[in-house]
Amino acid sequence: SAAKGFQFVESALVRALRRGDWVLLDNLSAAPPDVIERILSLAESPQKLHLFESPRNEKLISGKGINPEFRLFATVNSTRHKQTQLSAAFLNRVINVWLPALDHDAVNVFQ
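Residues numbered from 1 in each chain as written. Predicted model: local features only at pLDDT ≥ 70, side-chain atom pairs only at ≥ 80, totals over all residues. Heavy atoms only, no water.

Participant: Teacher, can you tell me more about the sheet that holds strand β4 (residues 65–66) here?
Facilitator: Sheets are built from strands that pair by backbone hydrogen bonding, the pairs being arranged parallel or antiparallel. Across the sheet, which stays open at both edges, the 3 strands sit in the order β2-β3-β4 with mixed pairing between neighbours. Of all the strands in the sheet, just β2 (48–50) and β4 have a single pairing partner and so form its edges. Both strand β3 (residues 59–62) and β4 contribute to a ladder of 2 bridges, which runs parallel. Looking at β4, one finds that I61 is bridged to G65. (Pairing = 2+ DSSP bridges. Helix = DSSP H or I, 4+ residues; strand = E, 2+ residues; numbered from the N terminus.)

Participant: Looking at this model, I keep getting lost on a nonpolar patch on the surface. Mind explaining?
Facilitator: Together, W22, L24 and F73 give the surface a local cluster of nonpolar side chains, amounting to about 380 Å² of exposed area. Structurally, F73 can be placed in strand β5 (residues 71–74). (Patch = residues over 30% accessible without salt bridge, like charges linked within 9 Å, V, L, I, M, F, W, Y side chains within 5 Å. Areas by Shrake-Rupley, 256 points an atom, 1.4 Å probe, with all protein chains shown as cover. Salt bridge = Lys/Arg side-chain N within 4 Å of Asp/Glu carboxyl O.)

Participant: I would appreciate a short explanation of the pattern of salt bridges in the present structure.
Facilitator: Pairing between side chains becomes possible if they bear opposite charge and their charged atoms approach one another. Using the criterion set out here, one finds 7 salt bridges in the structure. The closest approach of N and O atoms between E10 and R18, which form a salt bridge, is 2.7 Å. One salt-bridge network, held together by shared partners, links E10, R18, R56 and E58.

Participant: Please clarify how the packing of aromatic side chains should be interpreted in this entry.
Facilitator: Two aromatic rings, taken as a pair, are described by how far apart their centres are and by the angle between their planes. By the definition in use, this model includes 1 aromatic pair. Relative to F73, the ring of W22 has its centre 5.4 Å away and its plane inclined at 45 degrees; by these criteria the two rings are tilted. One end of the pair, W22, is in strand β1 (residues 22–25); the other, F73, is in strand β5, with 51 residues separating them in the sequence. The exposure class of F73 is partly exposed, given its relative accessible area of 40%. (Phe/Tyr/Trp six-rings, centres within 6.5 Å; stacked < 30°, edge-to-face > 60°. Buried < 20%, exposed > 50% of the residue type's maximum accessible area, 1.4 Å probe, protein only.)

Participant: Any chance you could explain helix α1 (residues 12–19) here in plain terms?
Facilitator: Along an α-helix, residues three or four apart share an orientation, since each turn contains 3.6 residues. Those residues of α1 that sit buried are V14, A16 and L17. Each buried residue of α1 sits inside an arc of 160 degrees when the element is viewed along its axis, so together they form one side. Looking at the buried residues of α1, the elements they touch are β1, β2, β3 and β4. (Arc of directions from axis to C-beta. Contact = heavy atoms within 4.5 Å.)

Written out as structure tokens, the structure reads:
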């Protein structure tokens, strides 16, 4: 019989890192600050992520565990209340694209 207990299972993000998928983190500012801090290293060059929870305590680096085709995208809605303020360290490592809010008439065009 199989042993009972906890087993480490890689997340969808880690699987995407390995495969070279593109990942969209929608409304990143709704995430807890410790989560945002943890993925900050994916916005650096070279990208890296330390899997402290892994039984092997693995450190993934671009080209060694992180597929060079991996891309990370995130959206932020700065107008919502109770959102995490993204740190200057994070904002300095990403490309920021600001889009104005759609007005009511513009939304009707798409319907």
